[in-house]
Amino acid sequence: MSIVNKDNLKVKILEEIKQKPYIFENLSNEERDDKDIVLEAIKQDRHALKFASKRLQDDKNVVLEAIKHGDDGSFAYASKRLQDNKNIVLETVKQSGMSLKYASERLQNDKDVVLEAVRQDGYALKYASELQNNRNIVLEAIKQNGLALEYASEKLRDDKNIVLEAFNKQNGCALEFASKKLRDDKKIVLAAIEQGIGQRNSVLQYASERLQHDRDILTAAGIGTSSIDDVIADAKKWCAEHN
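Quick notes on the rules
- Residues numbered from 1 in each chain as written.
- Predicted model: local features only at pLDDT ≥ 70, side-chain atom pairs only at ≥ 80, totals over all residues.
- Heavy atoms only, no water.
- Phe/Tyr/Trp six-rings, centres within 6.5 Å; stacked < 30°, edge-to-face > 60°.
- Helix = DSSP H or I, 4+ residues; strand = E, 2+ residues; numbered from the N terminus.
- Core = buried A, V, L, I, M, F, W, Y, C linked by side-chain atoms within 4.5 Å.
- Buried < 20%, exposed > 50% of the residue type's maximum accessible area, 1.4 Å probe, protein only.
- Contact = heavy atoms within 4.5 Å.
- Salt bridge = Lys/Arg side-chain N within 4 Å of Asp/Glu carboxyl O.

For the coordinates displayed, the defined rule picks out one aromatic pair. Between Tyr 123 and Tyr 151, the aromatic rings sit 6.2 Å apart at their centres with planes inclined by 75°, giving edge-to-face as the arrangement. Residue Tyr 123 is found in the loop between α8 (111–120) and α9 (135–144), and its partner Tyr 151 is found in the loop between α9 and α10 (160–166); the two are separated by 28 residues along the sequence.

A separate point is the nonpolar core. Residues Ile 17, Phe 24, Leu 100, Leu 149, Phe 167 and Leu 175 are the most contacted members of the largest nonpolar core, which totals 71 residues. With residues up to four places along the chain from it excluded, the contact list for Leu 149 reads Ile 142, Arg 157, Ile 162, Val 163, Ala 166, Ala 174, Phe 177 and Ala 178.

By secondary structure assignment, the location of Asn 171 is in the loop between α10 and α11 (186–195). Other than its neighbours up to four places away in sequence, Asn 171 contacts Asn 145, Gly 146, Leu 147, Ala 166 and Gln 195.

Take the pattern of salt bridges next. Applying the stated criterion across every chain, the model contains 18 salt bridges. The partner of Asp 59 in a salt bridge is Lys 35, and the shortest N-O contact between them spans 3.3 Å. Residue Asp 59 is located in the loop between α3 (54–57) and α4 (60–69), and its partner Lys 35 is located in helix α2 (residues 35–44); the two are separated by 24 residues in the primary sequence. Note that Lys 86 and Asp 110 form a salt bridge whose closest N and O atoms lie 3.2 Å from each other. Taken together, the positions of Lys 86 in helix α6 (residues 86–95) and Asp 110 in the loop between α7 (105–108) and α8 put the pair 24 residues apart, joining distant regions of the chain. If you follow the salt bridges from partner to partner, you end up with Lys 10, Asp 34 and Asp 36 in one network.

Here it is as structure tokens:
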């Protein structure tokens, strides 16, 4: 095929991808190794990196563009080399904290990388196993999302200050992930209920059985003549329906 015909075909492909991005995965190996074509496909389809050539999955600019237009799953298709490149991973987790899932094990335990990831999405703490006992990192995670307390170490889930911080921003349901001891601490449970605006009954189900029948706790939760057993059953039903 002449150069002119190749150029005309490329222009045609680029136009077709704009209208029908799904055609990219069925293009030839050569076409899926063309940087212009791949970049256009990425703009139109956040999963397009999956079908790019190995060479372009290892191209820094292509991968960063995929992250820009995609979601946390896009980084799964980057090369192992780029998943272990600190600068690339930092840029990636700033845009999608959950992309930490696809970083190399080395970088999943890098403090700089993990801090950026949890600041963007507290749930990224899930993929930082060796740093789940790092107080500063856990604090950053729960400031972004109190429910990230689920992935903190057992030691930090038994830390009153950490747990209270997790309740901020009306996230009293983080009580679910506090230690058994703190779920039996009246001050902690009251704080959770206070922050559980609109979901106080749901918060109550995570308190110890002893505190579920405490008069002050019930009053704070706005429960009067209702049976506590009925309230807990309703709360569990609501949570099951909304999870």
